[in-house]
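Structural overview for review
Listed below are the residues making up each chain.
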Amino acid sequence: MALSAILRLENVTLKFSQMTAPAVDGVTLALVPGDLLGLVGPSGCGKTTLLRIIAGFESPQTGTVEIAGQLVAGNNQWVPPEQRHIGMVFQDYALFPHLSVAENIAFGLRFAKARERQKRVTDFLALVRLTGLENRYPHELSGGQQQRVALARALAAQPQLLLFDEPLSNLDVQVRHRLREEVLEILKAKKISGIFVTHDQQEALAIADQVAVMRQGSLEQVGTPEEIYRHPASRFVGEFVSQANFLPARRKGHLWETEIGCFAFQNQDSKDSKDLIHPCEDKGDLMIREEDIILQPDQDASVAIETRRFLGREYRYCLRTPSGKKLYARTPTAIVLPIGTRVRLSVVGQALRFFPHG
């Protein structure tokens, strides 16, 4: 039996001015209970505005918003933010500077009995690993600790849905990685659904059950992290999520001809590559992910290594094609090629993807 959606958006649109394009444009989306949705896209694409619509800080002009089966916006219905049973964790933490850690966590529990309020504060201090710091004030905490307080405050109110607006972007890399794993562990243990807005594509792929890619107010693609990465629905998604290479290509029989050679491939969406080629799709771009390029030294090759960067577990090579175009390849550190080396390129298995020129 399929689970009812904890969140359902139908054709949600919000336009701030008649002179501008919609900030959110016809968004339809459903979130399964217990799942975490990673919402990604370039700056200005509408991610935070969509989050504010769900939270009730903005009202859509068209469409409907349902939370746990209750209509909270649309069809002449409006439920204010404080009655939507959701929690929100902000980028800047939004803690009350004059309240202690314990008082911040207890803020949303003003109507609970004193004993119950104290128990919940104690429980959530332990959950976010801040026991012993309850009497400190926000300015006495590190950024990671402040974000834990913000999370505990949101969780203490026992929300049906948690909204995260780039909550880790102000933290250094090591703290970010550690805290995002802790957040994910807590949400899964509590079986709380969440939407995690981030500008970090890799972060979304790492923690989300579903990823939604936004572009100019619309959803470009929604799917599992694997689907989004391996089967991008558009060149925009492929370029934004995987930072892939794109090579102009022309059809030549059953091959695609590029300046670095000819490639035969079967797209992941079909059992027969011939089914993928529309008669008019003779020109387009081949998408080649950096990690799928195989480099083989060849002094007669037309491609040369321009730079090599050490990234710890791998090298990232910048390659220059005869036309002057730059391509990027990642290899294990066991493969060390000097700058200036000429290389022949091949591609792993069926890793190519073709996007016709529109």
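In the block above lies the structure referred to throughout.
Every value quoted in this text rests on a predicted model; they were computed, and no experiment measured them.

**Section: the nonpolar core**
Membership of the largest hydrophobic core comes to 37 residues, with the highest contact counts inside it found for Ile105, Leu151, Leu155, Leu162, Phe164 and Leu187. Within the residue set of this core, elements represented by two or more residues are α2 (101-106), α3 (114-127), α4 (143-156), β8 (161-165) and α5 (173-190). Tallying contributions element by element places α4 first for this core, with 7 residues. If you look at the next biggest cluster of nonpolar residues, it comprises 30 residues, including Val12, Leu14, Ile54 and Ile195.

**Section: the side chain of threonine 64**
By the element assignment, threonine 64 lies in strand β4 (residues 62-67). Once residues lying within four places of it in the same chain are set aside, the contact partners of threonine 64 are Arg8, Leu9, Glu10, Val12, Leu71, Ala73, Gly74 and Asn75.

**Overview of the pattern of salt bridges**
Within this structure, the stated rule accounts for 22 salt bridges. The salt bridge involving arginine 148 is made with glutamate 182; its shortest N-O contact spans 2.6 Å. Residue arginine 148 is found in helix α4, and its partner glutamate 182 is found in helix α5; the two are separated by 34 residues along the sequence. Of the charged contacts, one joins arginine 215 and glutamate 220 as a salt bridge, the two residues approaching to 3.7 Å between their closest N and O atoms.

**Some points on the pairing of β4**
Pairing between strand β1 (residues 7-14) and β4: 5 bridges, direction antiparallel. Counted as the bridge partner of arginine 8 is glutamate 66 from β4. With 3 bridges joining them, β4 and strand β5 (residues 70-74) adopt antiparallel strand pairing. Each residue of the ladder has a partner; that of isoleucine 67, found in β5, is glutamine 70. In sequence, β4 turns back onto β5 through a hairpin of 2 residues, with alanine 68 there showing a positive phi of about 50°.

**Section: the pairing of β8**
Counting buried positions along β8 yields 5 of 5 residues, so the element is predominantly enclosed. Here β8 shows a buried face lined by Leu161, Leu163 and Asp165 and a second buried face lined by Leu162 and Phe164. For strand β7 (residues 86-89) and β8, the ladder comprises 4 bridges, and the chain directions are parallel. By the bridge assignment for β8, methionine 88 is matched with leucine 163. Across 5 bridges, β8 lies against strand β9 (residues 193-197) in parallel orientation. Paired with leucine 163 across the strands is isoleucine 195, a residue of β9.

Definitions and cut-offs
- Residues numbered from 1 in each chain as written.
- Predicted model: local features only at pLDDT ≥ 70, side-chain atom pairs only at ≥ 80, totals over all residues.
- Heavy atoms only, no water.
- Core = buried A, V, L, I, M, F, W, Y, C linked by side-chain atoms within 4.5 Å.
- Buried < 20%, exposed > 50% of the residue type's maximum accessible area, 1.4 Å probe, protein only.
- Helix = DSSP H or I, 4+ residues; strand = E, 2+ residues; numbered from the N terminus.
- Contact = heavy atoms within 4.5 Å.
- Salt bridge = Lys/Arg side-chain N within 4 Å of Asp/Glu carboxyl O.
- Pairing = 2+ DSSP bridges.

As far as function goes, none of this settles anything; it's purely spatial.
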